Structure formats: structure tokens, C-alpha cells
Amino acid sequence: MAEPMGFFTDPTVCIGCKACEVACKQWNQLPALDDERRTMSGDSYDNTRKLDGTHWRHVKFVEQFDEDRRDGRWTMLSDVCKHCVRAGCLEVCPTGAIIRTEFDTVVIQSDACNGCKACLAACPFGVIDINPVSNTAQKCTLCYDRLQAGMEPACSQACPTDSITFGPVRELKERAGRRVVQLHAAGEHRAALYGADDKMLGGLNAFFLLVDKPEVYGLPPDPKMPSRQLVPGTLLTMLGALVVGLVSLLSFRDRRAGEAHRPDGDRS
Amino acid sequence: MYPRAMEDSDCVLVMGSNMAENHPVAFRWPMKAKVEHGAKLIHVDPRFTRTSAMADIYAPLRAGSDIAFLGGLVNFVLSSERWNQDPFFRTFVTTYTNAATIVSPEFRDTEDLDGVFSGLMAYTGDAKEWPFNGFIGEYEASSWQYAGGKTRNRGRIADTQHSGEQQSGTDRKDGERDPGREDGGGPNDEQSRRAVQIAESGPPYDRMVQALVKPPEQRDDTLADPRSVLQIVRRHFARYTPEMVEEVTGCPRDTFLRVAQTLLDNSGAERTSSIAYAVAWTQHTYGVQIISCAALLQLLLGNVGRPGAGVMALRGHASIQGSTDIPTLYHSIHGYMAHPSALKAHASLAEWLAEETQPTGYWAKTPSFMVSYLKSMYGPAATRANDFGYDWHPKIIGDHSHLPMFVAMNEGRVKGMFCIGQNPATSLNAKLERSGLRKLEWLVVKDNFLHETAMFWKTAPEIRAGEVATADIATEVFFFPSSQVAEYDGSFTNTQRLLQWHYKAADPPGDCRSDMYFTYQLGRRLKALYAGSTLPRDQGFINLVWDYESSDPRERQLGEPESEKILKEINGYYSNDTARHIASAEDLADDGSTSCASWIYCGVYPSAAENRSANRQADPPGVRGAHLGWGFAWPSNRRILYNRVSADPQGRPWSERKKYVWWDEAQAKWVGLDVPDFPATKPPTAQAKAGAIGMDAHSGTDAFILKPDGVGWLYVPEGLVDGPLPTHYEPAESVVRNPLYKQQSSPVLKYWKVDGNPLAALADPRFPHVITTYRLTEHYLSGAMSRWLPWLTELQPESFVELSPELAREKGIANLDRVRITSPRASVHAKALVTRRMQPLQIAGRRVHQVGMPFHWGWEGLSTGDAANEMSALVGDPNVSIHEGKAFVCDVQKA
């Protein structure tokens, strides 16, 4: 295996430009759908709202201002799949569609995914969702196709302030450690890394620097593997697979019936 | 300065700009300075934006009060112990600025005249043929000049009926014209008349330049003379105290003082600070003066011409720098020379040269630049005998910029319009712009999408409201689809004067063509129509050089011209050997032997084999340098202008840390990291030659080579129409009386008094709030390029107005409520975004609410909404006619 590769995301230099979101969607050809995102969320400048099957990067906007504005800050954090060393999604996938690559990243192979959604429940970060175009579970691949060609992932390459850095996880951890020291010296004592050591799910290959409690950024303080409920979980998955199989058969019938009435056939 | 130079800044003040949101890529460099060497980042803005989020200090201020804030900084610096004791500052301002120069005894400051300068009078300068200049008053500015000085103050406003005259017109009534002045009146003084006479005998023009030389200005190097610039500046800004700053801007005093101290602490021999601004400084009735005030502050602090120093003018579009260098501006021709005007002493080439040539400094070469420009226009047809075709060149008859053009359009004075890369149907009192469009006989829109201007005749708000019927609009509208930047070869000139070549990557789809194609083909067709005409007025078109046919058969088939041929014409070539390119502006001649469209671009294409804008050699990481191998920065590939001042008067670096360009005694020349912006072998000890012309009139310390007196101007004796020093005026519409002067707003602002363009009276209770307009990262300008792209529209899907929870509470507005925003011109709807990033301010003893609204929306595209610019007014800066879009008044109510 090649050296583990990952992301270090530093919100203290993130300007919330969302170039990562657009670069990701462009490279991975993820559509903008006619859904809730056609309206404002009203939550600061965050209209993406969450990671899902067509949004593999999501910039969160956190406004923290006192009543009198004497103290205040606006933090942006570009969230992404964490590419956990012990990945719940990979563990529960019944079809083996989710693999660990030679870069130690976690990738869902769309052609082997049956859309059972087991991984959705298994991910403690809520990263994975169904892409309604392919009807399979999708998430950040850490640009596996680009990595194989010796290229940098689209999001980190597009980041103008190096808030997202890509590289060997070992090097990223050194860099992140230096940044924490620097921030502490500058008086930002809340600066701490999230997921940089192996205590959290064996380590997150995409880890973060935070300047507040994880919950403030929508991150679980203590994410857990689903393996504690492995036996019931497996049973549930098998049952689920059965149900999904039946449902897919039915839905194929439905879809054929539907297509007959839909001249533009826009499901593809 | 250029964005990458901000990497070297120890402090970056961003003001009048939301750099992180609107220049995110350039913002990489201040962020690098902050992260890598702890530079302080300061943001001063009415709103807490994504730039503020990155700042060490955020200072709120009321929109439109920038000069009060900057004036406070000037006063703080001049009053500080450090500035008065550190020899660096004293040496810098005495040597490199006009601090020691004595000003005319006739000059009266705003301190003496309650907020106005000497020379104010009623405006009477519109030509009968073009009564659209918009002035309400003007200055006869001859009292502003130096005492017996080198500058050539032309008295009155350029491009109006009486410019060039002295003291005339004061006895005429408004609107009455001076008889016998159809030609602009000719030169107004004996010296100029003599220069014209000499110039009439043709090149060489050195004797003419010599005839224009004025006696040297008076100086007091002790800086104690009450009429010295420094003393005038001290008195002018004395009232800009921290208390006054707080009262006018609403910025808490302690925050202001922290900003001031940080800036001062990070200036000097060892440290440098930069200031970045964008259109939030320009779009005011005193925008030029805000920028001028920043320049004044930076000159005082020694933050000019040095690494990490300067005033960073962030441009709003790709290549908009290029569009002022090779201008789409009405009042200048290539390379910042004055456009021939029917209203100035420009009747002949001799008159133009005598009027526009500065005899001392680098501009003394103006005859070479102008004659070479005319050769680029008319080629072999331009000869010494016909004044190089000067008479064929069009002349302007007034202000032909955006606002007066639309006023004239509404008056039925404009027949047709080419609208290329603009969307006026959603801009600047948009309803008036659309009524102007309806008066056109024809309109050509060339753009990527069928945007609001292309569709104004069918789907505009007044048509949907039934006020206007499509059937009643006679305008014939043509739409030409545009190709995109990756579909043709060409260049960008960006913010830092850097030309970067780009190559075609793919054919454009269908009928899409480049803007170059359109202009080239239009020119060809017009030339065909004019061919054979014997009318004198048509000779310009007949003789126009227009040889850009592509040598690539494939491009020829598409009808696209060859962009290298255009670059060659801009760069210049020799008239008798057209294959030989010009390598430097130094080689341009005033006798027609050289052709060059834009002298500042000379050297970008020094030979057919070398297009320097295509260079892509960056300096290696960790090596201090200016990346001279990357692209080409005009002039002469210099990255930092006036970089002679990065060395002390003796030519030594001010400090090791800020070493940049210095005098090498052994080699007897200037050397350093950049191309020295100074005569290469002129030693620091060189004396100015008395009575000389050009660079000989400058000494070895006269670093500002384009200035006639060789120094940076704290006080501006000529060139501005609204005063030699920045002064705080209220915006044309304001909720408060000017706390600093009796004069409320600029006495010479431009206002077009036409139907549909009313202004609110001072503190009109119907419009109690200040509104500012702006851009978001996710969209671009009027949205014409972004609202059609699904990936961008989902990031900011709807038009909104930002307001504070305090104002929302007062008005009973909840987050995401639909609200109506009303200005004296129009009402628009948007969703409310309630956020503590907005805050009420205490101004002159009362609480003032500000609201903000992005101006990206219109009624076409994937994401639609009302245009914020429906509400703005036709009111503008007297120097440059930009509108005041950053500060006006409004009301907000729940819809």
C-alpha cells in the first residue's frame, strides 16, 4: 500500500468561498437538483445545508457574536468524509461495494452498491447519502481517480487560502501540530485537532482543526463504530438486503411503468 | 502594488473592499502573510463579512464615512510621537513627497472656507450639443497650484466647454455659452501659445517641450513654513480627532485607536503596511478623494514603492486593468493620454501636444507616445505633412461615460448601442436605464446568455406590470452569442498591471464568437462602407489600419482575427521595417518612424519570437524575488512602481528586511529584486539640471518619475476637480448632517436632475436607514455570468437583504421574511437575512441602522429576484463620473 493520504482542514484560514464545493461538483459531475436548495436556508451563508449524495464538500458557517458585538467571530469549516481508519460504513456494507484503497482512503464503488443504505446509518458523521441520480450511496472519494493519476483532489487544489491541504497523513499531522502551537501562541487557546490521533476511530485521514467544541461545527464529540451492535446490525443488514432486493424488483417494474408515461425519461 | 507583494506586508488594512469574498484568489497573499509571519489583518467595513472573519481587528463604520476614518488616521500619525521623532519618516516625506513644497498664497483651505476650497463657482461648462455633464458646481482651481510651481494647472474641469481658460465665465449666467469658443478656445497663456507655434513646424518636438518649462517650485526643507504642504496637511486634518471619527463613522474610539496604532507600529524602515481597496471606495460622490487620502496616508508612513507596501487597487473584473490601459474609457486614449476633445485646446496636433505635455519628468516624452499612437491608427497614411492624421481622430464633446450616456439616451440623443459584457437593464436606477434602452433605434447585445438587457423589451418589470407594452417598443434588438475565454487566444491584464497570455483550448459552440471577432468584423464592414468616400470626416475610417486577418486557415474560416497581430500593434514596430518590433518605450520617436498603440505596453512583444506575456517562470520557493519571469508587468516588466524609494536618499536599502532596489556603487547602476523604476545609471547624488526637460530635470532622489516635480503628492495641485486634499462630505443622500463642516456634501458632485431620479432630503424620515450594495463570492456582478449556472445558484439561490436583529425587532421582521426595501427611486422585494454581523451605530448622538443588499439579481436566469440597483441614483463622482452605489438611504418594511 502507498502511504496513507488525506486532508487537513483548518477553519481559521477558511474564507467560506465554497470553491471546494464547486470544484468537487465539477470534477465529480454532481448535479444541482431541483430541491430545497432552490431557496435560502436562512442559516448564515450556508445554503448547502449538509453533506449528501450530491454534496461531498459542505462549508459550514458558524456566527458567534455577543449582543454588543464587542466579541464576535464568524467561522467557516469545510466538512467532508473523514476517511476513517476504522470505517463503520466499510464494515457494514453487505455487498463489499465500500473498499479501502491503496491510499488508505474509503471509496464506495457505485457499480457494486445496491443502495441498501446500511452505510448511511453506520456513519457516525452523517456523511453518506443516496445520490438520487444513480440511486446508490455516494460520498467523497478523496478523488480516487485523480490520485491514481498522480493528481491532487479537486477541492484542495481549488482552495485559495490552503484551508484544505492534501498530502500524506503523516506530514499533514506535523503541519497541523505546528498550526496549533502557532494559534496557542497567538492566544487562541481553544485550538485543538479533531481526529488527528488514533483514539478517534483509529484516526481520521481527513481531520480538522477546531477552535470550539466539536458540536458547534456539527461534529460528534465521541464518534462510535457501529461494531458494538455488530451481531444485531448484521442481522438487520441481511434483513434489510432482503427487503431492498424485493423493493428494487418492484421498483424496476414501477420504473418501467413510469417511463412509459415520461417521454423525456430524465431518470438517467 | 500587486497582490503577491502583500505576502511581504506586516500589516494589511482592507477597507472599501471585501477582499476575501470578491478577490478570494488574491486574498491568498494576505492570508499567507498572516499565517507565515504573523502579519496583522485589519478590516474596516459597514458589515462583518468573510474578510472581517479573517481579520485581527474588525472596525465597523457607517457606509460613506471613509474619509473621516482615514483623515483620523492621518491626524493620528501626524500627531504621534513616533512619526515626529523617527528619522525614517522625516527623511522619507522630505525627500520623496511634496511635503516641503510651498503652495500658492491664493490657496484657501476647507478650514478657511467652512468646508470648501478656494475657487468654487457655478457650473456653466456644458456644450450645447451635449448638455449632460451633470455638474452642479465647479472649481476654478488655479489657486491650488504651487507658488510659482512646475505644475500646469489648467484651471477648470477638463472636457467641458471652458477648460483651459483662466478665470473666465464667472460673469455669465447658468447655461449661457461663451461666444466664439466652438474650438475649445485655443491655448490660454503666452507660454503655451509660443509652444504651439514651435510645435507647428513639426518634429522633433524637444524645443516645444523646452518652451513649456516653468520655474522650479519653492521649498522649505525645515517643513516649518505655514504654506508648506506638510503644514497645510496638518491644519487640514487637525479636526479629524478620534472623538470626531467616532461621531462621524460610528466606529468605537478604542477600536479606531487600535487600528491606528497597529498601522503605525507596522510602518517604518523595518516594517511595511499595505492598504487594499475596491469599488466600495470608488462608488461615492468623493471616491477619488477616498483613494487619494489612502495614498496620502501611505506616503506619510513611507508605505509606497517598497515590498509589502502600497495601495492595492483591487479590480472588479478580469482584465479591467487592460480596459483602462487600452481604454474603453471615453476620456483617454491608449496609455493614459488625454482623448482629443472639441472643448479643449486640441484643435491641432500642435495644440494637443502643447496642452498635454508635461515638460519635466517622464511624460516629457508625450510627443513620441502620441505620434507613435497616431502611426498605429493610420499607418503609412499618417505623415508629418498631415499631422500624422490627427485631424481624422474623433474628438469628445463632454462626459460620455455611462450615466450621461443613459441620460442622453432618455432624451432621444443616442441612436444605437453596442452592449458587450454589460447588463445595464439591472444597473443604476435601472428603470431609467431601461427607459433609455426603449428610446434606441437599435441595440446589439453580445453576451453568454439572454440576460435582462437582451430581454428588456419582453420581460422587464414594467412590461410585466402592464405599464409598458412590448408592441410600443421600437428598438430593434440583436443578440450575438459570445465565446468563452478558453475558446480564443488572448491576454488578461489584471490588477497588478500583469499581462498573462492565454491559449485557445476548444472551438466555441455554434455561432459563438469572441469580442475581438465582433470588433474586427464590424470594422471591416464599416471600412467597406466608407471606401471611396471623399468626405474629410470619413478619412479616418478609410485610413484606419485594420490588418488582423488570421494566418491560421481554421480561424480565418471562423472569421476570428489573429490576437498576436493586435498585441504587436499595441507593443509597437518600426515604420520602415514593420517586421521589427519595438523593445522599449525608450526607443519611441516623435517623427513617425515608430508605431505603437500603447507606450506603456512596449516590450511585452519585443520580437516576433518572444511574447513575454506568455512567460511562466516563477521564482523558486524560498527565494526572495519579484517573479520577473512570470508574464509581463507594464511598464518594462516592473512589479512595484516608484521602487527607487525602497532605498534611502543615498541609494542604500532602508533595512535588510525591506531590501528591494538599491544603488550598486561598483557597477554604478541600480540593482535589486525588481526592474528599477528609475534611470538605470543615474546615481543617487545626481543633481537636477536647472531649466532642463524630461528626466534631466529630476535629481537622483526624484523617485516619482512620472510626476513633473519627481515627488509623491500629499497635496494634489492639479488633476482633481474637487479639491487638492481629501475632505469628509456626506453622501448625496444621508441620514445625518455633516458633523465636520457646514458643507453637507461635495459642492461639485455630479447629479442628473431628470424625472425618475429624485434624491432624499437630508434626514428625510421616510428613508431612515443607510443602505449599501455589494457582491457575494457565489455570484458575479449583475449575475449575467453566474445566475445561469446551477452549481452557483444553489449556493446563493435568492436575493436577500442583511439587517441586524435590533432593526428586525423594531420592524417586526423575522429571519427569511419577505421584505420591501424602498429608496426615493424604487421599491424592491427580497428575503430578510437577520444577522448580528450587521449592527446599529451611534452617529452624531443618534442610533443609525444600516442594511446591505447584494446587487446580483434580475428577472432572467435560473435564480431570479429584484435588482438592488433599481434603488440607486444617477449621482456621481466629479472626477470620474462613477455612481454612488455604496451609500444611500432607504426604508425596510415587512412585505
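Parameters and conventions
- Residues numbered from 1 in each chain as written.
- Chains lettered and ligands numbered in written order.
- Predicted model: local features only at pLDDT ≥ 70, side-chain atom pairs only at ≥ 80, totals over all residues.
- Helix = DSSP H or I, 4+ residues; strand = E, 2+ residues; numbered from the N terminus.
- Buried ≥ 20, exposed ≤ 12 C-beta atoms within 10 Å, placed from the backbone.
- Contact = placed C-beta atoms within 7 Å.
- Rg over C-alpha atoms; globule rule 2.2 N^0.38 Å.
- pLDDT = per-residue confidence, 0-100.
- Pairing = 2+ DSSP bridges.
- Axes fitted to C-alpha atoms, helices over the stretch in contact; angles between N-to-C directions.
- Nonpolar A, V, L, I, M, F, W, Y, C, P; charged D, E, K, R; others polar.
- Parallel < 35°, antiparallel > 145°, perpendicular 65-115°, else oblique.
- Left-handed = near helix turned anticlockwise from the far one by under 90°.
- Core = buried A, V, L, I, M, F, W, Y, C linked by C-beta atoms within 7 Å.

Draft legend 1. Seen up close, the overall build of chain A. Secondary structure assignment for chain A yields seven helices and 10 strands. Counting across all 268 residues of chain A, residues that qualify as buried make up 39%. Of the contacts formed within chain A by residues at least 6 apart in sequence, a portion of 62% connects residues at least 24 apart.

Draft legend 2. Expanded view of the overall build of chain B. A count of helical and extended segments in chain B gives 25 helices and 30 strands. The C-alpha radius of gyration of chain B comes to 27 Å, within 12% of the 29 Å expected for a compact globule of 895 residues. Counting only C-alpha atoms and orienting by the principal axes, one finds that chain B spans roughly 75 × 70 × 65 Å. The 895 residues of chain B split such that 55% are buried. Restricting to contacts in chain B with at least 6 residues of sequence separation, those with at least 24 account for 70%.

Draft legend 3. Structural context of helix α9 (residues 242-249) of chain B. All names here are of chain B. By the burial criterion, the buried members of α9 are V245, E246, E247, V248 and T249. Close packing links the buried residues of α9 with α3 (66-79) and α10 (253-265). Downstream of α9 by a residue or two, G250 has a phi angle that is positive, lying close to 85°.

Draft legend 4. Expanded view of the confidence of the model for chain B. All names here are of chain B. Averaged over all residues, the pLDDT of chain B equals 94, while 96% of them reach at least 70. Across residues 164-183 the pLDDT falls below 50, and counting only partners more than four positions away or on other chains, this stretch makes 33 contacts in the model. If you check the scores for this complex, the pTM reads 0.93 and the ipTM reads 0.91.

Draft legend 5. Local environment of the environment of P242 of chain B. All names here are of chain B. Tracing the backbone through its elements, the reader meets P242 in helix α9. Taking the number of C-beta atoms within 10 Å as the measure of exposure, P242 has 17 and is therefore partly exposed. Considering only alpha carbons, one finds P242 and A68, 174 residues apart in sequence, at a separation of 9.7 Å.

Draft legend 6. Spatial organisation of the sheet that holds strand β11 (residues 442-447) of chain B. Residues and elements named next belong to chain B. The sheet built from three strands is open, its strands ordered β10-β11-β12 with parallel pairing. One side of each edge strand has no neighbouring strand; the edge strands of this open sheet are β10 (416-420) and β12 (476-481). In this sheet, adjacent strand axes meet at a mean angle of 10° when their direction is disregarded. Where β11 and β12 come together, six bridges link them in parallel fashion. The residue of β12 that forms the bridge with W442 is E476.

Draft legend 7. Quick peek at helix α17 (residues 430-438) of chain B. All names here are of chain B. Where burial is concerned, most of α17 is hidden: eight out of the nine residues are buried. Buried within α17 are the following residues: A430, K431, L432, E433, R434, S435, G436 and L437. Of the surrounding secondary structure, the elements contacted by the buried residues of α17 are α16 (402-410), β11, α18 (456-459) and α19 (461-464).

Draft legend 8. Seen up close, the interface of chain B and chain A. Between chain B and chain A, the contact holds 29 residues from the first and 28 residues from the second. Mapped onto the side of chain B that touches chain A, the elements with two or more residues apiece are α2 (28-37), α24 (790-793) and β25 (827-834) of chain B. Of the residues forming the side of chain B that touches chain A, the biggest block, three residues, is contributed by α2 of chain B. Looking at the side of chain B that touches chain A residue by residue, the class counts come to 16 nonpolar, five polar and eight charged.

Draft legend 9. Representation of the sheet that holds strand β6 (residues 273-277) of chain B within the structure. Residues and elements named next belong to chain B. Ordered by their spatial adjacency, five strands build an open sheet running β3-β2-β1-β6-β7, and the pairing between neighbours is parallel. Each edge of the open sheet is held by one strand with a lone partner, namely β3 (57-60) and β7 (310-313). Sheet twist, expressed as the mean angle between neighbouring strand axes with direction ignored, is 20°. When strand β1 (residues 11-15) meets strand β2 (residues 40-45), the two strands line up parallel, connected through five bridges. Residue pairing in the sheet places C11 in a bridge with K40 of β2. Of the strands in this sheet, β1, β2, β3 and β6 are in contact with α10, which crosses β3 at around 130°. Relative to β7, helix α12 (residues 287-300) is tilted by about 150°, and along the sheet it contacts β6 and β7.

Draft legend 10. Structural detail: the environment of G625 of chain B. Residues and elements named next belong to chain B. If you trace the backbone, G625 turns up in the loop between β17 (594-595) and β18 (632-633). Exposure remark for G625: the 13 C-beta atoms within 10 Å place this residue in the partly exposed category. Linking G625 and A668, residues 43 residues apart in sequence, is a C-alpha distance of 22 Å. Excluding its chain neighbours within four sequence positions, the residues that come into contact with G625 are D619 and L673.

Draft legend 11. Fine view of the packing of α16 of chain B against α17 of chain B. All names here are of chain B. Where α16 meets α17, the closest approach of the two axes is 8 Å, and the angle between their N-to-C directions is 55°. Viewed along their axes, α16 and α17 adopt a mutual orientation that is oblique. As α16 packs across α17, the resulting crossing turns out to be left-handed. On the side of α16, the interface is formed by F406, M409 and N410, while α17 contributes L432, E433, S435 and G436.

Draft legend 12. Quick peek at the packing of α3 of chain B against α12 of chain B. Residue and element names in this part refer to chain B. Viewed as axis vectors pointing N to C, α3 and α12 meet at an angle of 15°, and their least axial separation amounts to 10 Å. With respect to α12, the axis of α3 lies roughly parallel. Our pair here, α3 against α12, has a crossing hand that is left-handed. Each of D66, I67, L70, G71, L73, V74 and V77 in α3 lies in contact with α12, whose residues at this interface are Q289, I290, C293, A294, L296, L297 and L300. Among the residues making up the contact of α3 with α12, the classes are represented as 11 nonpolar, two polar and one charged.

Draft legend 13. Inspection of the nonpolar core at higher detail. Counting 294 residues, the largest nonpolar core has C89 and C119 of chain A together with M208, L297 and V801 of chain B as its most contacted members. In terms of residue count, the dominant contributor to this core is α12 of chain B (nine residues). In this view, C119 of chain A contacts C89, V92, C93, I98, I128 and A137 of chain A; residues no more than four positions away in its chain are not counted.

Draft legend 14. Spotlight on the pairing of β25 of chain B. Residues and elements named next belong to chain B. As judged from the four bridges shared by strand β23 (residues 800-803) and β25, these two strands associate in the parallel manner. Bridging across to β25, V801 finds its partner in A832. Where strand β24 (residues 818-822) meets β25, five bridges bridge the pair, whose relative direction is antiparallel. Residue pairing across strands places R818 opposite K831, the latter belonging to β25. Hairpin geometry of β24 and β25 is characterised by an intervening segment of four residues between the two adjacent antiparallel strands.

Draft legend 15. Representation of unusual backbone geometry. In this model, P203 of chain B is joined to P204 of chain B through a cis peptide bond whose omega is 0°. Counting through the fold element by element, P204 of chain B comes out in the loop between α6 (190-199) and α7 (206-211). Following W634 of chain B, the chain continues into P635 of chain B via a peptide bond in cis, with omega recorded as -10°. Mapped onto the fold, P635 of chain B is located in the loop between β18 and β19 (661-664). We note that C143 of chain A has phi near 45°; this positive angle belongs to a residue other than glycine.

Draft legend 16. Seen up close, the confidence of the model for chain A. Mean pLDDT over chain A stands at 89; residues scoring 70 or higher make up 84%. Within the model, pLDDT remains below 50 along residues 255-268 of chain A, and this stretch shows two contacts once partners closer than five positions in the same chain are excluded.

Draft legend 17. Highlighting the pairing of β19 of chain B. Sheet analysis places β19 of chain B next to strand β20 (residues 669-672) of chain B, joined by four bridges and oriented antiparallel. Bridged to W663 of chain B within β20 of chain B is W670 of chain B.

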